[in-house]
Each structure stands twice: as structure tokens, then as C-alpha cells.
Amino acid sequence: MHYRQLPSSCKPLVEAFYRSQRSDMRAKGSDQLWVAEDRAITAALCLHTIADGYWLTGLLVDAAKRRQGVARQLIETALADCTSTVWLFCDPTLNDFYLRQGFTPCSNLPRPLAERLARYQRRKPLSAFSRGPFIAGSVPPGA
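The present account deals with the structure reproduced in this document. (Residues numbered from 1 in each chain as written. Predicted model: local features only at pLDDT ≥ 70, side-chain atom pairs only at ≥ 80, totals over all residues. Heavy atoms only, no water.)

Overview of the environment of Leu-126
Consideration 1: By secondary structure assignment, the location of Leu-126 is in the loop between helix H4 (111-121) and strand S7 (127-131).
Consideration 2: Along the sequence, Leu-126 and Asp-91 sit 35 residues apart, while their C-alpha atoms lie 4.9 Å from each other.
Consideration 3: For Leu-126, the residues in contact, after removing those within four places along its chain, are Phe-89, Cys-90, Asp-91, Pro-92, Leu-117, Tyr-120 and Gln-121. (Helix = DSSP H or I, 4+ residues; strand = E, 2+ residues; numbered from the N terminus. Contact = heavy atoms within 4.5 Å.)

Written out as C-alpha cells, the structure is:
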């Protein structure tokens, strides 16, 4: 498995992966696109710059590759050089997964994310998490 950041010109590849998984996830043009590849894209995530950090969205692993550590390694690769806070929203069934990745529950979100979370929570339950910031070379909690 190979983990890497794709140039923004490869956004159609990430979009095609999401569609192949029957997901309504989308990558925005300004997002950092990160993928795991094994001949083809088997997982993807997006990092969107927001406030003084990043919003992690669109983490999806091909159903045939789940529970093999692909998501964990993709997150670690994408955040390896990140010294800013990273926020995410997830279904509550994924809380334990994100706790193991060093994220912690978060109620103090940047205003744009707090507003978005409130809007999303009208339709479905979501948890908010954050991680970092970390000093380069330090080991994040849970790692």
C-alpha cells in the first residue's frame, strides 16, 4: 500500500473513487487530497484549510480494505507534518476509532465549523473531534 498526497489536478480521481464506493462525499478544489493506493485508490481523505488549522473530511476506505489499518495509516501520513489543529465530524459509531487515532471530543470549534456542525446535526447525530496542534517530532496521544 502506498500513501501520498495527490496534486489538486487529480481531484477527478478522488471523486471517481467516492462514486465507486457509492458515497456522496466530495473533494473541494482547495482541499489537500490524500490517498492510499494499491494499483488503484483504496482510501481517500481531504484536508480543508479552516481557521488556524484543518478540517478533515471525506475519510473513506474501500469496503474490501477495511479493518486492515488503512484509515489509521492514511490519517498518520496526512497529518505527519501538521502542526495545526485538525477538526472532524463523525458518526458516533466511529468515536472509539478516532479516540484511538489521538483525537479528542471537541466542543470549542472555530465559528465556521460550529455553524456547520449545528446545521448537520439537524439531520443526523454527529460527534466533533480535534487533534493537535503538536510540536514536530512529538508523539500524538494514542499513537
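Moving on from the model shown.
Digging into the environment of Ser-130
Consideration 1: Along the chain, Ser-130 falls in strand S7.
Consideration 2: With a relative accessible area of 12%, Ser-130 lands in the buried category.
Consideration 3: With residues near it in sequence (within four places) discarded, Ser-130 still touches Thr-85, Val-86, Trp-87, Gly-102, Phe-103, Thr-104 and Cys-106. (Buried < 20%, exposed > 50% of the residue type's maximum accessible area, 1.4 Å probe, protein only.)

Describing unusual backbone geometry
Among all residues save glycine, negative phi is the norm, and among peptide bonds the norm is trans.
Consideration 1: The backbone phi angle of Arg-22 is positive, close to 55 degrees, even though this residue is not glycine.
Consideration 2: Positionally, Arg-22 belongs in the loop between helix H1 (11-20) and strand S2 (32-38).
Consideration 3: Residue classification places Arg-22 among the exposed positions, given a relative accessible area of 78%.
Consideration 4: One non-glycine residue, Ala-51, lies in the positive phi region at around 50 degrees.

A word on H1
Consideration 1: Buried within H1 we find Val-14, Glu-15, Phe-17 and Tyr-18. Projected down its long axis, H1 carries its buried residues within an arc of 155 degrees, all on one side.
Consideration 2: Residues of H1 that are buried make contact with strand S1 (2-6), S2, strand S3 (40-50) and strand S4 (53-61).
Consideration 3: The first or second residue beyond H1 is Arg-22, which carries a positive phi of 55 degrees. (Arc of directions from axis to C-beta.)

Things to note about the pairing of S2
Strand residues, when the strand is regular, have side chains that alternate between the two faces of the sheet.
Consideration 1: With respect to burial, S2 is a largely interior element, 5 of its 7 residues being buried.
Consideration 2: Relative to S3, S2 runs antiparallel, the two being bridged by 7 bridges. Across the sheet, residue Trp-34 finds its bridge partner in S3, namely Leu-45.
Consideration 3: Between S2 and S3, which pair antiparallel and follow one another directly, the connecting turn spans 1 residue, one of which, Arg-39, has a positive phi of 75 degrees. (Pairing = 2+ DSSP bridges.)

A short note on a positive patch on the surface
Consideration 1: On the surface, Arg-119, Arg-122, Arg-123 and Lys-124 cluster together into a patch of positive charge.
Consideration 2: With respect to the element layout, Lys-124 can be found in the loop between H4 and S7. (Patch = residues over 30% accessible without salt bridge, like charges linked within 9 Å, V, L, I, M, F, W, Y side chains within 5 Å. Areas by Shrake-Rupley, 256 points an atom, 1.4 Å probe, with all protein chains shown as cover. Salt bridge = Lys/Arg side-chain N within 4 Å of Asp/Glu carboxyl O. Lys, Arg positive; Asp, Glu negative; His and termini not counted. Charge placed at Lys NZ, Arg CZ, Asp CG, Glu CD.)

What about the state of the cysteines?
Consideration 1: In this structure the tally under the stated criterion is 0 disulfides.
Consideration 2: Of all cysteine sulfurs, the one in Cys-46 lies closest to Cys-10, which takes part in no disulfide; the gap is 13 Å.
Consideration 3: Between Cys-90, a cysteine without a disulfide, and Cys-106, which holds the nearest cysteine sulfur, the sulfur-to-sulfur distance is 12 Å.
Consideration 4: By relative accessible area, which is 4% here, Cys-90 ends up buried. (Disulfide = S-S within 2.5 Å.)

Considering the nonpolar core
Consideration 1: Counting residues in each nonpolar core, the largest one holds 23 residues, and the members touching the most others are Leu-45, Leu-47, Leu-59, Tyr-98 and Phe-103.
Consideration 2: Those elements that place two or more of their residues in this core are S2, S3, S4, helix H2 (70-79), strand S5 (85-90) and helix H3 (95-100).
Consideration 3: Here the element with the most residues in this core is H2; it accounts for 6 residues.
Consideration 4: In this structure, Cys-10, Tyr-18, Leu-33 and Leu-60 belong to the second largest nonpolar core, which totals 12 residues. (Core = buried A, V, L, I, M, F, W, Y, C linked by side-chain atoms within 4.5 Å.)

Keep in mind that these numbers describe shape and distance, not what the molecule does.
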